[in-house]
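Notes for the structure review
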Amino acid sequence: MDSLFDALSVEVSAAGVRAVHLAGPPPADAGGGAGDPAGGRPAEDTLRRETIRQLREYLQGRRWSFDLPLDLGTATPFRTRVLDELRNIPFGETASYGEIGRRIGSGSPRAVGQAVGWNPLPIIIPCHRVVTTAGRLGGFSAGLPRKVALLRLEGIPVSGETFSSRIGS
């Protein structure tokens, strides 16, 4: 895996994958990180291993989508609609916050941006594919170098690693 993703860890529950932490281990009270020794329930340990396997395949350029149960039990109905729409952005393509808002019937790119920023499952729910209407990077909870790396992995050219950097050739 790229060194930007060496600290990747995941949290799982009986319902599914609950969180992906790209920038380090989960909070101390969350438990369930990828580096934790097996001590959970066998089904959860299996899901954790499968999630890490699929994430590694993606980061190695051998996977374009994920087949995992997800646990979005703490998401509001609005956040759920936004995250569901993010899952419809194809590998190698982007959509703007405004486009996502129009698709779900919300005219507020800012509200969409807040929901995208809340996403507990980056990569699996591809929030890195969301950019500004002007084709600029915007933000990313795990840092812009990781967003740029993910976009480039998917063949999307990016001109830099700042909020205002542009995507496209």
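Here we summarise the structure given alongside this text. Keep in mind the model is a prediction, meaning the values are calculated, not measured.

**Notes on the overall build of the protein chain**
Helices and strands together make up the secondary structure of the protein chain, namely five helices and four strands. Going through the 169 residues of the protein chain one by one, you find that 48% of them count as buried. Looking at the protein chain alone, contacts between residues at least 24 apart form 57% of all its contacts between residues at least 6 apart. With an accessible surface of roughly 8300 Å², the protein chain has 51% of that area assigned to carbon and sulfur atoms.

**Notes on the side chain of Asn119**
Its place among the elements puts Asn119 in the loop between helix 4 (109-118) and strand 4 (130-131). Looking at Asn119, the relative accessible area reads 4%, which means it is buried. At 2.8 Å, the side chain of Asn119 forms a polar contact with the backbone oxygen of Ile125.

**As for the packing of helix 3 (residues 97-104) against helix 4**
With their axes 8 Å apart at the nearest point, helix 3 and helix 4 run at an angle of 100° to one another. Classified by the interaxial angle, the pair formed by helix 3 and helix 4 is roughly perpendicular. For the pair helix 3 and helix 4, contact is made by Tyr97, Gly98, Ile100 and Gly101 and by Pro109, Val112, Gly113 and Val116, respectively. Along the lines of polarity and charge, the residues of the contact of helix 3 with helix 4 split into five nonpolar, three polar and no charged.

**Focus on the pairing of strand 1 (residues 9-12)**
Burial along strand 1 is two-sided: Ser9 and Glu11 and Val10 and Val12, pointing in opposite directions, are all buried. Sheet topology note: the strand 1/strand 2 (residues 17-21) ladder contains four bridges and is antiparallel. Within strand 2, the position partnered with Val12 by the bridge is Val17. Adjacent in sequence and paired antiparallel, strand 1 and strand 2 are bridged by four residues, among which Gly16 carries a positive phi angle near 155°.

The rules behind these values
- Residues numbered from 1 in each chain as written.
- Predicted model: local features only at pLDDT ≥ 70, side-chain atom pairs only at ≥ 80, totals over all residues.
- Heavy atoms only, no water.
- Helix = DSSP H or I, 4+ residues; strand = E, 2+ residues; numbered from the N terminus.
- Buried < 20%, exposed > 50% of the residue type's maximum accessible area, 1.4 Å probe, protein only.
- Contact = heavy atoms within 4.5 Å.
- Areas by Shrake-Rupley, 256 points an atom, 1.4 Å probe, with all protein chains shown as cover.
- Polar contact = N/O pair within 3.5 Å; in protein donor to acceptor, adjacent residues only side chain to side chain.
- Axes fitted to C-alpha atoms, helices over the stretch in contact; angles between N-to-C directions.
- Parallel < 35°, antiparallel > 145°, perpendicular 65-115°, else oblique.
- Nonpolar A, V, L, I, M, F, W, Y, C, P; charged D, E, K, R; others polar.
- Pairing = 2+ DSSP bridges.

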